[in-house]
Amino acid sequence: MKIVILMAIWQRPEVLRLVLDSFKVQKIDFDLKFVFVVSPEDPFIDEIMDILNEFVPQDDILHFVESKNLGLGKKHNEGVKYAFENLEFDYLMNTGSDDVINLKELLKGYSDYINSGAKLIGYTGCYISEFGKDEVFSVISSNPRRTVGAGRLIHYSVIEKIMRMNKFLYHPHLNRGLDGNSADNILRYARVRPKVINDIAPIIDVKSEVNINSYEKFGNISEKQEFTFKQFIKKLK
């Protein structure tokens, strides 16, 4: 199986390093490539590029797209377009530069749907934690038919149909609500509904001062977990 992870990056180099280090320690037994969308006007661009270039030595695994910071939807669309035009893949996974993902457990949860050829797969919840702290909370969507964007798999055929129609997967000017917006566009243009796993994905969304959705927004409505952030990281190895 071939998967492309798409990640738009803006500031937070310390969180990015944490996320990329979490990928490094995992044993990957499938074809995995990364498309990083960066903004040249990012005040931390030099540090970010240093971190990305240290990530993995194989040039064919890492791909870079430059995009001005004029909307997260626009940056995601440009990353999707690059992946479609330049890479071979079965699924595209669009995730944040602040998401620590246990890929083995995530794909294990998806396995039945993947084997049946599902076009859009996701969980309804994930974990959250504040950068530099060890407490972990869970948060789940109030809509059982909506998946979180982190770790969601979109099949190549869905991307192809939308691109052939000259449509956008994401509204280019949106910074919030991208998960629901893209799901609506996938239904509108590709006639695909998600295969939903009503559970918490093995993903921790690391919140920091630079976040569209703050840690505090979720902390009051989520359930504290018995395990810690350090224990989650330890299980990745």
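Shown above is the structure to which this text applies.
Rules used throughout
- Residues numbered from 1 in each chain as written.
- Predicted model: local features only at pLDDT ≥ 70, side-chain atom pairs only at ≥ 80, totals over all residues.
- Heavy atoms only, no water.
- 1 Å grid on protein atoms, 1.4 Å probe; cavity = no way out; pocket = protein on both sides within 12 Å on 5 of 7 lines; lining within 4 Å.
- Points joined across faces, edges and corners; volume = space filled by probe spheres on them.
- Nonpolar A, V, L, I, M, F, W, Y, C, P; charged D, E, K, R; others polar.
- Patch = residues over 30% accessible without salt bridge, like charges linked within 9 Å, V, L, I, M, F, W, Y side chains within 5 Å.
- Areas by Shrake-Rupley, 256 points an atom, 1.4 Å probe, with all protein chains shown as cover.
- Salt bridge = Lys/Arg side-chain N within 4 Å of Asp/Glu carboxyl O.
- Lys, Arg positive; Asp, Glu negative; His and termini not counted.
- Charge placed at Lys NZ, Arg CZ, Asp CG, Glu CD.
- Helix = DSSP H or I, 4+ residues; strand = E, 2+ residues; numbered from the N terminus.
- Buried < 20%, exposed > 50% of the residue type's maximum accessible area, 1.4 Å probe, protein only.
- Pairing = 2+ DSSP bridges.
- Phe/Tyr/Trp six-rings, centres within 6.5 Å; stacked < 30°, edge-to-face > 60°.

A. Focus on the layout of surface pockets. Roughly 320 Å³ of volume is contained in the second largest pocket. Lining the second largest pocket are 14 residues; nearest its centre among them are Lys-27, Asp-29, Leu-103, Lys-104 and Glu-105. The residue makeup of the lining of the second largest pocket, split by class, is five nonpolar, two polar and seven charged.

B. Structural detail: a negative patch on the surface. Among the surface-exposed residues, Glu-14, Asp-46, Glu-47, Asp-50 and Glu-209 lie close enough to one another that they form a single negatively charged patch. Take the negative patch: its biggest share by element is three residues, from helix α2 (residues 45-55). Of note, Glu-14 is situated in helix α1 (residues 13-24). On the basis of relative accessible area, Glu-14 is assigned to the partly exposed category, the value being 39%.

C. Representation of the pairing of strand β9 (residues 195-207). Buried residues dominate β9, accounting for 10 of its 13 residues. Note that strand β5 (residues 99-101) and β9 share three bridges and pair antiparallel. Residue pairing across strands places Val-100 opposite Ile-204, the latter belonging to β9. Relative to β9, strand β6 (residues 120-130) is paired through eight bridges, and the arrangement is parallel. Bridge pairing in β9 links Ile-121 to Lys-195.

D. Spotlight on empty space enclosed by the protein. Considering all chains together, one arrives at one cavity of 30 Å³ or more under this definition. Considering only enclosed or pocket space, the largest cavity measures out at about 30 Å³ in volume. What lines the largest cavity is simply Arg-145, Arg-146, Thr-147, Arg-152, Asp-179, Ala-183 and Pro-194. Looking at the lining of the largest cavity residue by residue, the class counts come to two nonpolar, one polar and four charged.

E. View of the packing of aromatic side chains. Scanning all chains against the criterion turns up 10 aromatic pairs. Summarising the aromatic geometry, the rings of Phe-34 and Phe-36 are spaced 5.6 Å apart at their centres and angled 10° between planes, so their arrangement reads as stacked. The buried category is assigned to Phe-34, whose relative accessible area is 3%. When the centroid spacing of 5.2 Å and the interplanar angle of 85° are considered together, the rings of Phe-34 and Phe-55 count as edge-to-face.

Purely spatial values, then, with no claim about function.
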